[in-house]
Amino acid sequence: MACAGCGTGVDGKPSGCKSNGGCSTGGCNRLNVFDWLSNIPLGDSLAPFDIIEVSFNNGSRKDFYRNVTKQLFDKGEMVTVEGVSGFDVGTVNLTGELVKLQMKKKRAEDTPDIKKVLRRSSNDDLQRMADNKAREKDALIKSRAIARNMGLEMKLAEVEIQADGRKATFFYTADDRVDFRELIKVYASEFRAKVEMRQIGARQEAGKVGGIGSCGRELCCATWLSDFKSVNTTAARYQNLSINQAKLSGQCGRLKCCLNYELDTYLDALKEFPDDVDTIETAAGVANLQKRDIFKSLMWYSYEGSNKQYPLTITRAREIRQLNRQGIKPDELKPVEVMTAKPKEADLGFADVVGQISLKSLEKTAQKRKQKDKDRQKQQKPGGEQKQQGGGPKTEQKQEPKQAAQRHERHERHHPERKNKQEGRGKQGPGQQGGQPKQGREQQPRQEQGPKPSQNQGQQGQGGQGGQPKQDRRPPRHKPRPNQPNNNNKS
């Protein structure tokens with residue numbers, strides 16, 4: 001990946017890793033190359049190699065150009081090179097002695113016909129390239145519509161327009177041969193440029209489009225892979241993989257290229273396994289080879305008509321085969337024991353249980369809380385109303401019994417004379433509580449001693465819970481005389 005400082009500096013050069021030319025490790029585009037000879041100085045008598053490698057369209061296309069300007073170009077610089085009937089703008093991808101190795105790898109010859117580097121890209125060149133690159137998306141949509149209207153069995157993957165806008169390259173995929181002679185004429189008149197058609201494969205198309213593979217990383221064909229070798233199902237069989245088309249196929253719909261990465265290692269490991277032990281005979285019957293476990297060096301056999309498999313070592317399989325050649329059938333296979341479960345870790349006597357919470361304990365606590373709420377609702381029936389003394393309006397009492405008892409004790413401790421008065425009232429019949437006489441009994445007048453307390457104090461203890469005085473919100477009535485009984489309790 002690119003470093004965080006790939007922005008443009010004050011002098012117009014890319015910051016990069018302070019190399020004044022870009023990231024020396026690459027990562028800014030696809031199919032990048034690490035220039036590991038960039039910091040090694042050349043001898044005084046040696047001149048730098050005059051051919052450089054330039055990449056276009058974020059590394060999707062590369063080509064070699066001769067540096068006739070004798071200027072020193074750094075990796076990541078934008079240069080203007082010769083194009084088809086014009087010029088093109090690309091990024092310097094590789095310079096120096098590594099270009100010789102790249103040309104040898106790609107079988108490119110150092111001939112006088114190699115195109116030349118014109119100059120460093122100016123602001124006008126970069127602006128013109130940006131304008132033409134912005135047309136590529138619209139050109140791809142229009143070109144697909146034209147090809148569909150003409151009934152051609154082809155799929156356009158990418159359109160690349162030259163920096164000066166004089167040439168347009170169309171990359172397409174097709175199963176069969178396509179006659180696009182009329183299509184080129186339509187494209188030339190529509191886009192006002194020279195048209196070039198290039199057929200690519202499904203793997204190259206996936207590399208141009210890009211994406212994320214099943215491994216979670218960016219596709220190899222879009223980052224570093226340039227040579228696409230053929231992949232067949234034999235590679236999957238050597239690696240003991242199930243032939244599942246959905247799991248073995250990549251983004252391109254073909255077999256994954258990574259099936260070939262470890263194939264040579266598997267082939268070297270399979271050389272240790274004998275080839276003539278596909279079937280062995282014992283006293284119990286004929287056993288057939290099912291699979292080879294390369295990592296554990298085991299060979300799995302099963303009897304005919306049975307699904308149970310027996311793991312044998314390579315040495316044991318060779319012994320049984322040698323006995324069969326002598327006409328001897330051993331009594332048993334003597335399979336080895338395979339540890340399927342993971343070994344238990346040794347208890348070190350210390351466990352960090354800070355922050356660990358058991359979900360079962362939380363569930364039990366929640367159930368207990370719900371049960372308590374249900375019991376409390378049953379004890380406190382909602383809507384229970386009690387009548388006040390004198391036939392006043394009904395009020396709901398929602399005081400807790402424990403809190404009411406504490407208030408009652410506190411009130412009796414501070415006012416002992418009111419406690420005696422309440423005890424005298426408690427001797428009356430149960431029908432007299434609440435301010436209404438019970439039917440069939442006469443109401444006896446209450447004799448009061450001393451000065452009559454206030455009306456709020458006379459209602460203490462009448463509610464049946466606590467001694468807290470309550471405010472009387474009833475309308476004022478005529479007060480009775482001191483020597484006459486209070487007859488306002490009649491309903």
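Above: the structure in question.
Residues numbered from 1 in each chain as written. Predicted model: local features only at pLDDT ≥ 70, side-chain atom pairs only at ≥ 80, totals over all residues. Heavy atoms only, no water.

1. Some words on the nonpolar core
Selection criterion: Take the buried Ala, Val, Leu, Ile, Met, Phe, Trp, Tyr and Cys residues and link them wherever side-chain atoms come within 4.5 Å; each set so joined is a nonpolar core. Remark: exposure states derive from per-residue accessible area (1.4 Å probe, protein chains only) relative to the maximum for the residue type, with buried under 20%, exposed over 50%, and partly exposed in between. Put simply, DSSP marks the helices as runs of H or I at least four residues long and the strands as runs of E at least two long, and each gets a number from the N terminus on.
By size, the foremost hydrophobic cluster in this structure holds 21 residues, and its most contacted members are Met 154, Leu 156, Phe 170, Tyr 172, Leu 183, Tyr 187 and Met 197. For this core, the secondary structure elements donating two or more residues are helix H3 (136–149), strand S6 (155–161), strand S7 (167–173), helix H4 (181–191) and strand S8 (194–199). Ranked by residues supplied to this core, first place goes to H3 with four residues. Core analysis: the next-biggest nonpolar cluster, separate from the first, contains 17 residues, Leu 270, Ala 287, Met 299 and Leu 312 among them.

2. Describing the sheet that holds strand S12 (residues 309–313)
To keep it simple, the criterion reads: Two strands pair if DSSP finds at least two bridges between them. Fitted lines through C-alpha atoms serve as axes, helices being fitted only where they are in contact, and the angles separating the N-to-C directions of these axes extend from 0 to 180 degrees. Contacts are residue-level and defined by heavy atoms, with any inter-residue pair within 4.5 Å sufficient.
Spatial ordering of the open sheet is given by S9-S10-S11-S12, a layout of four strands whose pairing is antiparallel. What marks the edges here is a single partner per strand, and that holds for strand S9 (279–282) and S12. With strand direction ignored, the average angle separating the axes of adjacent strands in the sheet is 40°. Sheet topology note: the strand S10 (residues 285–293)/strand S11 (residues 298–303) ladder contains six bridges and is antiparallel. Each bridged residue has a counterpart across the sheet, and for Ala 287 the counterpart in S11 is Tyr 303. On the sheet, helix H9 (residues 314–325) packs against S9, S11 and S12 and is oriented at approximately 95° with respect to S12.

3. Comments concerning the sheet that holds strand S1 (residues 51–56)
Pairing in this open sheet of five strands is antiparallel, and the strands run S2-S1-S4-S3-S5 from one edge to the other. A single partner strand is all that each edge strand has here, and the edge strands are strand S2 (61–66) and strand S5 (117–120). Here the average twist between neighbouring strands, direction ignored, is 45°. Its contacts with the sheet put helix H1 (residues 98–105) on S1, S2 and strand S4 (86–94), and the angle it makes with S1 is roughly 65°. Contacts from helix H2 (residues 123–133) reach strand S3 (78–83), S4 and S5, with the element oriented near 100° to S4.

4. Regarding the packing of H3 against H4
The line we're drawing: By definition, any crossing whose near helix is turned counterclockwise from its far helix by less than a right angle is left-handed, and any crossing with a clockwise turn is right-handed. Under the grouping applied here, Gly and all other residues not named as nonpolar or charged are polar, the nonpolar ones being Ala, Val, Leu, Ile, Met, Phe, Trp, Tyr, Cys and Pro and the charged ones Asp, Glu, Lys and Arg.
Look at H3 against H4: their axes get within 11 Å of each other, and the N-to-C directions meet at 145°. For the pair H3 and H4, the crossing hand works out as right-handed. The segment H3 lies against H4, with Ala 139, Lys 142, Ser 143, Arg 144, Ile 146 and Ala 147 engaging Leu 183, Val 186, Tyr 187, Glu 190 and Phe 191. Class assignment of the residues belonging to the contact of H3 with H4 gives a composition of seven nonpolar, one polar and three charged.

Spatial relationships are all this shows, so hold off on functional conclusions.
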